[in-house]
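# Geometric and topological summary
In case you want the letters, here they are:
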Amino acid sequence: MKKYKYWYLLTVVMVIAVILRFYHLGNVPISPDWDEASLGYNAYSILLTGHDEYGRFLPPVIESFGDFKPALYTYLSIPSIALFGLNVFAVRLPGAILGVVAVIASYFLVEELFKKKNLALLTSLFLAISPWSLQFSRVGFEAAVGDTFVILTVLFFLKGLKKTWLLYFSVIFSALNLYVYQSEKAFSPLIFLLLVIIFYKKLLLKSKKTLVALIITGLMVASPMLAFTITNANSLERLTATDIFASYSPSSKPVNWMLSLNPLENLQDKKTNDLLGVFLDNRKVVLSEQILSNYFMHFNPNWLLMPDDTAPRHHAPQMGLLYLWDFGFLLIGLYVLIFAKFEKSTKMLVFGWFLLSPLPASITIDVPHAVRTLNFLPTFQIFIALGLLSTLSFIKVKFGNRVTVISFLVIVLALIFNMAFYLDNYFVQYNYYNSQDWQYGYAQLVPYLQSQQNNYQKIIVSNVAPLDQSYIFFLFYLKYPPLQYQHIANLRGGHYTQDHVFGKFEFRSISMRELKQPFKGYLYVVGANQISSEDKVIKIIDYLNGQPAIAIIEG
């Protein structure tokens, strides 16, 4: 019985992970965001025609809104869409499944690293209930898949040092990660390089034939993405739109005002012979300072533990990325891993993973960023589990079993209280307070307009906030025939444009002047903040908190 105890407990952890990730999966969050709608419709298009929305055959990258998303999540969505149809649940299902896989894989990874089943079990439990993990494995965000692939890469690498054939799985998952999410194009090679540096002596014990075969396997899997990146000028569009190295013209508003003022300051320093100023106002120095600042922001306890009002889609209301009770055990776990007698390679890998995780986000804007640093997981959970076990062990040695049991019960009660608070905020409060952040309203808008379209010549839909990228939601909810839309896309050059037209629907910006003098026989769909008392409003769709969201105006 004792032999199978941890298997039973791991099964319980897996059940918890499944329940938390699948409960109301299609309804919490309340609506897909534009990326989920785009991933879903492109998967639907490829399923039916073999081509994406722009008519490209089995592309390694989805152009989407001109941000060129790596396409693997789209392909992973195809089976669930084939089974359940094009809907929110089907789009989110791959992320939820792979979120559970991450929990299970973390158990075997920690067991392999530390040879401690209790530490492995606690780590997997903490990942199963992690607000950070749940937030992104319950939506169609590619980053959650990328984190799972990183965990599998490391797990199979460690196992492959003993059983060589498993190294091929490590290489394949690492190469596949290039097709998952933009940050993984940087992090996946970094974590694999870290593994090679730490375990190079064991790798060199493998035959040259094996090592060459592994390299060839990785290059074969990665080659379509590498070829696309080299040959397509737009392949790094998303990176150039978010990195801090981009140059800004004087007429455009810079993302980082420090970088825009820097050349002028440097010129002034040279005129006044201010040598220290010349050095400090040098663009490279300012960039280095900014990158370091961005990097260390991701270790700020306020960001980790408190709600970030600038990114409400990244956390539940009144919650951070970690539980409050985690923090003390996190610090203890860091201390224990540094000073306790663990294998040097284990320490190097866990700390290396932990310290590398914020690097891709550090060269981007909008930091700290919970999505781009999801690869932190499960290192936080390892530290927290290690801290908890070390605390209980210390109490047992110093105060005996009775105090240890009492301490354990107090910790469990604190966890239950904190988790109950989180679950209420996520499953009960989240939709009410944050429906506007998830572009709520299209599920009600599109069927209504579909029922009314025969009564009007044309329906003009705004494509500016809060109706950004409105066309993709209509394609998604109408299940618009992909072949027909591909023909329309090809007529406009086969690339993303701001304005779209299909059927009676036209998607573009709508001026206040146009609303004051609307065309007869037209319907206009705008954000409720655009309407005036003079407009002939025939329907308003509200957010779940009762605030008006979308207005329909008759011409």
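## Let's talk about the sheet that holds strand 8 (residues 548-554)
Pairing is mixed in the open sheet, where six strands are placed in the order 4-5-3-6-8-7. A single partner strand is all that each edge strand has here, and the edge strands are strand 4 (500-502) and strand 7 (537-542). This sheet shows a mean twist of 15 degrees between the axes of neighbouring strands, independent of strand direction. Bridge analysis of strand 3 (residues 458-461) against strand 5 (residues 505-507) gives three bridges, and the strand direction is parallel. Each bridged residue has a counterpart across the sheet, and for V461 the counterpart in strand 5 is F507.

## Side note on the nonpolar core
In terms of nonpolar packing, the biggest core is built from 106 residues, with F114, W132 and L349 touching the most fellow members. Sort the elements by how many residues they give to this core and helix 7 (residues 142-160) lands first, with 11 residues. Counting 45 residues, the second-largest nonpolar core is a separate cluster that includes I62, F65, L478 and F502.

## What to know about the packing of aromatic side chains
By the definition in use, this model includes 52 aromatic pairs. Between Y41 and Y485 the ring centres are 6.4 Å apart and the planes differ by 85 degrees, which places this aromatic pair in the edge-to-face class. Here Y41 is found in helix 2 (residues 34-49), whereas its partner Y485 is found in helix 24 (residues 482-491), with 444 residues between them in sequence. When its relative accessible area of 0% is taken as the criterion, Y41 is described as buried. For Y485, a relative accessible area of 0% gives the class buried. Over the face of the ring belonging to W438 we find R313, whose NZ or CZ atom lies 5.7 Å from the ring centre. The ring of Y448 carries K539 above its face, with NZ or CZ at 5.1 Å from the centroid.

## Details of the pattern of salt bridges
Going through the model one piece at a time under the given rule, you end up with 13 salt bridges. A salt bridge links K117 to E111; the shortest N-O distance between them is 2.4 Å. By relative accessible area, K117 is classed as partly exposed at 37%. A residue is classified by how much of its surface remains accessible, and E111, at 16% relative accessible area, is buried. R508 is paired through a salt bridge with E514; the nearest N and O atoms lie 2.7 Å apart. Take R508: its relative accessible area is 17%, and that puts it in the buried class. On the basis of relative accessibility, which here comes to 14%, the residue E514 falls in the buried class. Where salt bridges share partners, they join K458, E506, R508 and E514 into one cluster.

## A closer look at helix 11 (residues 208-231)
For helix 11, with 24 residues, the first-to-last C-alpha span of 32 Å sits near the 34 Å given by 1.5 Å per residue. At S223, helix 11 shows its maximal bend, which comes to roughly 55 degrees, and the proline P224 appears one to four places after that position. Of the residues making up helix 11, those classed as buried are T210, L214, T217, G218, A222, M225 and F228. On its buried side, helix 11 packs onto strand 1 (61-62), strand 2 (69-70), helix 8 (167-176) and helix 9 (184-198).

## With respect to helix 22 (residues 442-452)
Buried within helix 22 we find Y442, L445, V446 and L449. When helix 22 is viewed along its axis, its buried side chains cluster within an angular range of 90 degrees and face the same direction. Buried residues belonging to helix 22 abut strand 3, helix 23 (470-478), strand 5, strand 6 (522-527), strand 7 and strand 8.

## Re the environment of V403
Relative to the assigned elements, V403 resides in helix 21 (residues 401-434). Classification of V403 by relative accessible area gives partly exposed; the value is 34%. Expressed as a C-alpha distance, the spacing of V403 and L392, which sit 11 residues apart in the sequence, is 9.4 Å.

## Here's the deal with the pairing of strand 3
In the case of a regular strand, side chains alternate between the two sheet surfaces. In this structure, strand 3 lies alongside strand 6, joined through four bridges in parallel fashion. The residue bridging K458 from the neighbouring strand is Y522, located in strand 6.

## Here's the deal with unusual backbone geometry
Of the consecutive residues V28 and P29, the connecting peptide bond is found in the cis state with omega at 0 degrees. One can find P29 in the loop between helix 1 (5-22) and helix 2. In this model, V367 is joined to P368 through a cis peptide bond whose omega is -5 degrees. One can find P368 in the loop between helix 19 (359-362) and helix 20 (379-399). The backbone of F68 shows a phi angle near 50 degrees, a positive value even though the residue is not glycine. In this fold, F68 is placed in the loop between strand 1 and strand 2. A residue is classified by how much of its surface remains accessible, and F68, at 5% relative accessible area, is buried.

## Notes on the environment of K162
Its location among the elements puts K162 in the loop between helix 7 and helix 8. Separated by 40 residues in sequence, K162 and K202 have C-alpha atoms that sit 9.2 Å apart.

## Structural notes on the pairing of strand 7
Pairing analysis gives five bridges linking strand 7 to strand 8, with the strands arranged antiparallel. From the neighbouring strand, I540 faces strand 8, where its bridge partner is A551. Counted between consecutive antiparallel strands, the loop separating strand 7 from strand 8 contains five residues, among which G546 sits at a positive phi close to 95 degrees.

Cut-off values and rules
Residues numbered from 1 in each chain as written. Predicted model: local features only at pLDDT ≥ 70, side-chain atom pairs only at ≥ 80, totals over all residues. Heavy atoms only, no water. Pairing = 2+ DSSP bridges. Helix = DSSP H or I, 4+ residues; strand = E, 2+ residues; numbered from the N terminus. Axes fitted to C-alpha atoms, helices over the stretch in contact; angles between N-to-C directions. Core = buried A, V, L, I, M, F, W, Y, C linked by side-chain atoms within 4.5 Å. Buried < 20%, exposed > 50% of the residue type's maximum accessible area, 1.4 Å probe, protein only. Phe/Tyr/Trp six-rings, centres within 6.5 Å; stacked < 30°, edge-to-face > 60°. Lys NZ or Arg CZ within 6 Å of the ring centre and 35° of its normal. Salt bridge = Lys/Arg side-chain N within 4 Å of Asp/Glu carboxyl O. Expected span 1.5 Å × (residues − 1). Bend = angle between axes of the 7 residues up to and from the residue. Contact = heavy atoms within 4.5 Å. Arc of directions from axis to C-beta.

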